[in-house]
Amino acid sequence: MSRLTLRQLEYLVAVGETGSIVRAADRLNVSSPSISSAITQLEEKLAISLFVRQHAQGLSLTRGGQRVFEQARLVLSGAREIANIAADISESTRGPLAIGCLLTFAQLVLPRMRRGFESGFPDVRIVQKELNQAEIFNALQRSEIDVALTYDMDIPTDLKFIGLVRLHPFALLHAEHELANKPAISIEDLAGLPMILLDLPISADYFLSLFETSQQKPRIVERTRDMAVMRSMVGNAFGYSIANVRPQSDMSPDGSPLVYVPISGPVRSLRMGLLTTSGAEKSRTVSAFIDYAREQVRSGALRAIGGEALT
């Protein structure tokens, strides 16, 4: 059997994780035919079917494909570690870097940070993933990502959090809302009003905990897992919502005006920062990204998300 390549395994893992050749191509910034050809070549080399092709549901791994997929992940993780060792020996910052970012603020933080870091370290090749909090924990523990930008929510004891910015909660209201002109509002002011809950794993628990602390109960009328949908629903007066990161635009995605009002009282703020596995900072590339993120905070480059710098 001819040799397998890391690129083929990278394509296999991307298709296995996304369930789609098109989405895998978008993630890796390559053409769909390149992905399709690599999967076909792998199946021919291994003499097994890796995926079941279902017209409506995309691609799903066969039983044999699942085993190959899991081993491919381990091989790619090992290859990243080899690159880290080589970087340490040569005292250079280079090789692959897989970055995860929490869905709720990825669009505000990740592209700018990635562009700046890649400009300073052109020999680093970044792969980014937008994930919810539970998915970030899982991806770090399975070595699918090297570092993540996220909140300090329910962090497992085997992961290390480095705080960058403290973010206080605020109410998101449509422009004509009865509370829109107040300088600040309390949880008690919000409790009886219709709420649009951003219903993501762990994030939703945080929003609901704000009411529990004040011994209140929210009146949830709608739930969504998409922040853009939440903002448009608020802009169209379906209810208010709560968030910690404020987009620079005061308009919802469909053009409705929005108002952001700080929440006063005994409410827990969140820290946004970097999450890694223990010892990950020993990698020269991960360490360089941590230093870069801290400098971005110190220089004010992340001021778009608001909050108070912790570093």
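Anything mentioned here points back to the structure above.
Residues numbered from 1 in each chain as written. Predicted model: local features only at pLDDT ≥ 70, side-chain atom pairs only at ≥ 80, totals over all residues. Heavy atoms only, no water.

What follows covers the overall build of the protein chain. Scanning the protein chain from N- to C-terminus turns up 10 helices and 13 strands. Oriented by its inertia axes, the alpha-carbon framework of the protein chain measures out at about 70 × 50 × 35 Å. For the protein chain, buried positions account for 49% of its 311 residues. A sequence separation of at least 24 residues applies to 70% of the contacts in the protein chain between residues at least 6 apart. Accessible surface computed for the protein chain: about 15100 Å², of which carbon and sulfur atoms make up 49%. Averaged over its 33 positive side-chain charges, the protein chain has a centre that lies 4 Å from the centre of its 33 negative ones. (Helix = DSSP H or I, 4+ residues; strand = E, 2+ residues; numbered from the N terminus. Buried < 20%, exposed > 50% of the residue type's maximum accessible area, 1.4 Å probe, protein only. Contact = heavy atoms within 4.5 Å. Areas by Shrake-Rupley, 256 points an atom, 1.4 Å probe, with all protein chains shown as cover. Lys, Arg positive; Asp, Glu negative; His and termini not counted. Charge placed at Lys NZ, Arg CZ, Asp CG, Glu CD.)

Next up on the list: the packing of helix H5 (residues 106–120) against helix H10 (residues 284–299). At their nearest, the axes of H5 and H10 sit 11 Å apart, and the two run at 120 degrees to each other. On the basis of the axis angle, H5 is oblique to H10. Here the hand of the crossing between H5 and H10 comes out right-handed. Contacts between H5 and H10 pair Arg112, Met113, Gly116 and Phe117 from the former with Thr285, Ala288, Phe289, Tyr292 and Ala293 from the latter. The class makeup of the residues in the contact of H5 with H10 is six nonpolar, two polar and one charged. (Axes fitted to C-alpha atoms, helices over the stretch in contact; angles between N-to-C directions. Parallel < 35°, antiparallel > 145°, perpendicular 65-115°, else oblique. Left-handed = near helix turned anticlockwise from the far one by under 90°. Nonpolar A, V, L, I, M, F, W, Y, C, P; charged D, E, K, R; others polar.)

Turning to the pattern of salt bridges, a few remarks are in order. This model, assessed by the stated rule, comprises 13 salt bridges. Close ionic contact of Glu10 with Arg125 constitutes a salt bridge, the shortest N to O distance being 3.3 Å. Taken together, the residues span a long stretch of sequence, with Glu10 in helix H1 (residues 6–18) and Arg125 in strand E4 (residues 124–131) at a distance of 115 residues. Glu10 gets classed as buried once you look at its relative accessible area, which sits at 15%. For Arg125, a relative accessible area of 42% translates into the label partly exposed. The structure contains a network of salt bridges with shared partners spanning Glu17, Arg27, Arg73, Lys129, Arg142 and Glu144. (Salt bridge = Lys/Arg side-chain N within 4 Å of Asp/Glu carboxyl O.)

So, about empty space enclosed by the protein. Applying the stated criterion to the full structure yields two cavities of 30 Å³ or more. As a volume, the largest cavity reaches approximately 50 Å³. Along the walls of the largest cavity sit Thr104, Tyr151, Leu198, Phe207, Met227, Ala243, Asn244 and Val245, which together make up its complete lining. Looking at side-chain class alone, the lining of the largest cavity contains six nonpolar, two polar and no charged residues. (1 Å grid on protein atoms, 1.4 Å probe; cavity = no way out; pocket = protein on both sides within 12 Å on 5 of 7 lines; lining within 4 Å. Points joined across faces, edges and corners; volume = space filled by probe spheres on them.)

The next point concerns unusual backbone geometry. The backbone phi angle of Ser143 is positive, close to 60 degrees, even though this residue is not glycine. Along the polypeptide, Ser143 turns up in the loop between helix H6 (133–141) and strand E5 (147–151). Here Ile202, not a glycine, exhibits a phi torsion of approximately 75 degrees, which is positive. By the secondary structure assignment, Ile202 is in the loop between strand E8 (194–198) and helix H8 (203–213).

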